[in-house]
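Each chain, written out:
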Amino acid sequence: MSDELCDLPATEQRGLLASKQVSARELLDAHLARIDAVNPTVNAVVGMDADVAVARATAVDDVVAAGGDPGPLGGLVTAHKDLVDTADFVTTHGSTVYADNRPAVDALQVARIKAAGAVALGKTNVPEFGAGSHSFNPVYGVTCNPYDPGLSAGGSSGGAGAALACGMVGIADGSDAGGSLRNPAAWNNVVGLRSSPRVVPRPGPGNPWQTIPIDGPMARTVDDLVLLLRVMAEPDARDPLNRALPLPDVLRPPTRPLRVAWSPTLGGLPVDPAVAAVLDTFRADIDGLGWEVTEAEPDFSGADECFVTLRAFLFANGPAGALGDRLAEIKATVRDEVERGRALSNAEVAAAFAHANVLWQRCVTFFADHDLLVGPVTQVPPFPIDQEYPTEVAGQPTSTYIGWMLSNCRISACQLPALSLPAGFDDAGLPVGAQLIGAPWGDVGVLQAAKALETATGHGSRRPDLSALAGASS
């Protein structure tokens, strides 16, 4: 039973803890055993400190024994993305520059998840400074896809996605600028939500007006994701753009047929045939719910250029841009981003922000006639771990290291809520995700649609072969 605990949804684990059928320490021990078995192959959980986790689990059990409430996440095992500050664990950003970095205080989301009773045991692996959707770095190495360890788990929340898929954690936080919650969710057959801007508050430090990067939840089910989102999305007046999210007490499917805009290319992007074939089948799943499906999409013109400019501006004014002479020590893609950002003129940055407003207005108009936009999460299946990024999609060359993932970047530029939902598996046995995209501030509608599709399809219940992963590490 202890091993099976790791595979239960977090909501069920929480129920067992609340009813005292399982202790937090027993749940932690089960997850530590799972990590021992499969993490040597997958390399998703890094910077571990079991003593910290044991102390937190013991504290939860003490609260329960005294008749207290350990919190909404009480006893659930987690690990934090290695881009976010954690006082109890090293925060490397995947860079040797920060290999020994121990922040003095937790970031807001880490503090919230801890206060809600979760038991953190370490960090989840990332690309260096979160750049690119492939989680490899010179500190911890590469995270492998649990469905095929020779392939990428995605990124930048790749460690989180793989850890969830393998049952090494029950819930996981992440972040997303150009797909960092959505890509790894798709490739690991889990759920990841990029919410509307600042539904999850970001009070600083840094530029409070930059809305491209967001923090968000990942989980194995939609209900698990909502469980974590409730904690992460608590309002915070210190964030001038924070907007409260009216989550219902119980998430239920939509009460009427939805008007779905189906966009298999999200504006004419190339999509690998293996991905396209799975999504064609997923469209039939949508039809089966009786929803009205028509081929349509917003006008995405200028979205790519807008995103690239704002992303470079973000890098130039973020942690990597503050490295000074040590910038030469990090990977070329990050250096290039910083240099592009520094070369931007005020007029170019202003134009990008202005066009973000144009995109927002277009989407407001588009979603007056549609409840949901559905398209691909990833344009390609997982690629080999020794490849930094794909250089072509469906035979078309890509010009940059993010040129193969514009299906995510365009949605980020439009600042729409988007959820990656398991959509099925290709002929090679690799998971494919569908991107459920909502209207501006339409997060709850996206979650309700995801709940309906998850229940109808069951695609998210298929887990990797853990015995093969454990055997590979023995």
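Quick caveat: nothing in here was measured; it's all calculated off a predicted structure.

Engineer: Hey, could you go over the packing of helix α10 (residues 303-316) against helix α11 (residues 332-343) for me, with residue numbers and the actual values?
Structural biologist: α11 packs onto α10 with a crossing angle of 100 degrees between their chain directions and a minimal axis gap of 7 Å. Relative to α11, α10 is oriented roughly perpendicular. Contact residues: α10 offers Arg-311, Ala-312, Phe-313, Phe-315 and Ala-316, while α11 offers Val-334, Glu-337, Val-338, Arg-340, Gly-341 and Arg-342.

Engineer: Give me the lowdown on the environment of Val-190, citing residues and values where you can.
Structural biologist: Tracing the backbone through its elements, the reader meets Val-190 in the loop between α7 (182-187) and β9 (191-194). Considering only alpha carbons, one finds Val-190 and Ile-411, 221 residues apart in sequence, at a separation of 19 Å.

Engineer: Could you give me a rundown of the nonpolar core, with the residues and numbers involved?
Structural biologist: Ranked by internal contacts, the top residues of the largest apolar core, which has 90 residues, are Leu-73 and Leu-436. Membership of the second largest hydrophobic core comes to 46 residues, among which are Val-97, Cys-306, Phe-315 and Ile-437.

Engineer: So what's going on with the packing of helix α5 (residues 108-115) against helix α8 (residues 222-232)? Which residues, and what values?
Structural biologist: The contact between α5 and α8 brings their axes to 9 Å, and the two run at 115 degrees. When the axis of α5 is compared with that of α8, the two are roughly perpendicular. Like other packed secondary-structure pairs, α5 and α8 cross with a definite hand, here right-handed. Contacts from Gln-109, Arg-112 and Ile-113 in α5 reach Leu-228, Val-231 and Met-232 in α8. Residues belonging to the contact of α5 with α8 are distributed by class as follows: four nonpolar, one polar and one charged.

Engineer: So what's going on with the packing of aromatic side chains? Residues and values would help.
Structural biologist: Remark: the centre distance and the inter-plane angle together describe each pair of aromatic rings, the angle taken between the planes. Inspection of the entire model under this criterion finds nine aromatic pairs. For the ring pair Phe-313 and Phe-353, a centre distance of 6.3 Å and an interplane angle of 85 degrees mean the geometry is edge-to-face. Note that Phe-313 is positioned in helix α10 and Phe-353 in helix α12 (residues 346-366), a separation of 40 residues in sequence. Assessed through its relative accessible area of 32%, Phe-353 is described here as partly exposed. A connected cluster of aromatic rings, assembled from ring pairs, spans Trp-187, Phe-383 and Trp-404. Taking the ring centre of Trp-441 as reference, the NZ or CZ of Arg-243 above it sits at 4.1 Å. The ring of Phe-425 has Arg-462 lying over it, and the distance from NZ or CZ to the ring centre is 3.8 Å.

Engineer: Which residues make up the sheet that holds strand β10 (residues 214-219), and what values go with them?
Structural biologist: Across the sheet, eight strands lie side by side as β8-β10-β9-β16-β17-β13-β11-β12; this open sheet has mixed pairing. Strands with a single pairing partner mark the edges of an open sheet, and in this sheet they are β8 (172-176) and β12 (292-295). In this sheet, neighbouring strand axes are inclined to one another by 30 degrees on average, regardless of whether the strands run parallel or antiparallel. With four bridges connecting them, strand β11 (residues 259-262) and β12 associate as parallel partners. Residue pairing across strands places Trp-262 opposite Glu-295, the latter belonging to β12. Sitting on the sheet, α8 is in contact with β8, β9, β10 and β16 (418-425), with an inclination near 145 degrees to β10. Of the strands in this sheet, β8, β9, β13 (372-376), β16 and β17 (431-437) are in contact with helix α13 (residues 406-414), which crosses β17 at around 20 degrees.

Reading the values: the criteria
Residues numbered from 1 in each chain as written. Predicted model: local features only at pLDDT ≥ 70, side-chain atom pairs only at ≥ 80, totals over all residues. Heavy atoms only, no water. Axes fitted to C-alpha atoms, helices over the stretch in contact; angles between N-to-C directions. Helix = DSSP H or I, 4+ residues; strand = E, 2+ residues; numbered from the N terminus. Parallel < 35°, antiparallel > 145°, perpendicular 65-115°, else oblique. Contact = heavy atoms within 4.5 Å. Core = buried A, V, L, I, M, F, W, Y, C linked by side-chain atoms within 4.5 Å. Buried < 20%, exposed > 50% of the residue type's maximum accessible area, 1.4 Å probe, protein only. Left-handed = near helix turned anticlockwise from the far one by under 90°. Nonpolar A, V, L, I, M, F, W, Y, C, P; charged D, E, K, R; others polar. Phe/Tyr/Trp six-rings, centres within 6.5 Å; stacked < 30°, edge-to-face > 60°. Lys NZ or Arg CZ within 6 Å of the ring centre and 35° of its normal. Pairing = 2+ DSSP bridges.

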